[in-house]
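Residue-level structure breakdown
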Amino acid sequence: MKHSPVLEKQIQPEKPRRRTFFAWLWGILLSVAFLEIGWVVGTIFKSRKQREETKRALHLVEAGMIQNYEPGTVSAVPEGQFYMCCLNDGSFIALSRNCTHLGCSVPWDEKKQTFVCPCHGSTFDQTGKVLTPPAIRPLDYFPVRIENGLLRVDISTPLKRQAFDPSQTVRM
Ligand code: FES
């Protein structure tokens, strides 16, 4: 049976070249979309990691080289609001300057070799241990790391304790 030329044109299947072109186009568009999604997700994770690193770096205070400290000395580190204590055995502990009674700032008394709180008279020794109440807990301390002889103190969170323990100190 022979169709008319008009009918023959209507029932002619779509040309394969055209279909292939659209398949390629869709493939490219989908690839671009997946690449963009991957880039956005990667950027979010990367910026979160960078923010955490920046935050950590902001909380790290350099307290100088260990050779600058004499055993049995206490040095204020104003930028970190703590004291770096080099104990008699050469180990280090970073003490918060806030009294554990009601939070007053506690100065170091060089003559008495103790921290003396001006508010209610609590005293603490070089390790932060309570010598005189009303404070009942030792001064809080901060984690210290020694990197190539440099003391680095993480001031993000003061650590509370019930007593002094040598594990709270670091040494070279
Ligand atoms: S705040 Fe230091 S003794 Fe009360």
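Up top is the structure.
Keep in mind the model is a prediction, meaning the values are calculated, not measured.

What counts and what doesn't
Residues numbered from 1 in each chain as written. Predicted model: local features only at pLDDT ≥ 70, side-chain atom pairs only at ≥ 80, totals over all residues. Heavy atoms only, no water. Pairing = 2+ DSSP bridges. Helix = DSSP H or I, 4+ residues; strand = E, 2+ residues; numbered from the N terminus. Axes fitted to C-alpha atoms, helices over the stretch in contact; angles between N-to-C directions. Disulfide = S-S within 2.5 Å. Buried < 20%, exposed > 50% of the residue type's maximum accessible area, 1.4 Å probe, protein only.

Right, let's get into the sheet that holds strand S8 (residues 130–132). As summarised here, the arrangement of the four strands in space is S5-S6-S7-S8, forming an open sheet in which the pairing is antiparallel. Each edge of the open sheet is held by one strand with a lone partner, namely strand S5 (108–109) and S8. With two bridges joining them, S5 and strand S6 (residues 114–116) adopt antiparallel strand pairing. Paired with Asp-109 across the strands is Thr-114, a residue of S6.

Below, the discussion takes up the sheet that holds strand S10 (residues 144–147). Spatial ordering of the open sheet is given by S1-S11-S10, a layout of three strands whose pairing is antiparallel. Edge strands, defined here as strands with exactly one partner in the open sheet, are strand S1 (60–65) and S10. The mean inter-strand angle of the sheet, taken between neighbouring strand axes irrespective of direction, is 25 degrees. Taken together, the four bridges between S1 and strand S11 (residues 150–154) define a ladder with antiparallel strand orientation. Of the residues in S11, the one forming a bridge with Leu-60 is Asp-154.

For the rest of this paragraph, the subject is the state of the cysteines. A covalent bond bridging the sulfur atoms of two cysteines is what the word disulfide describes. Inspection of every chain in the model, using the stated rule, returns one disulfide. Across the disulfide from Cys-104 sits Cys-119; the S-S distance is 1.9 Å. On the S-S bond that ties Cys-104 to Cys-119, the torsion sits near -95 degrees, and the link is left-handed. Here Cys-119 lies in the loop between S6 and strand S7 (123–124) and Cys-104 lies in the loop between strand S4 (92–96) and S5, a separation of 15 residues in the sequence. Overall, Cys-104 belongs to the buried group, its relative accessible area being 19%. Note on Cys-85: no disulfide assigned, nearest cysteine sulfur contributed by Cys-86 at a separation of 9.0 Å. Taking relative accessible area as the criterion, Cys-86 reaches 2% and is therefore assigned buried.

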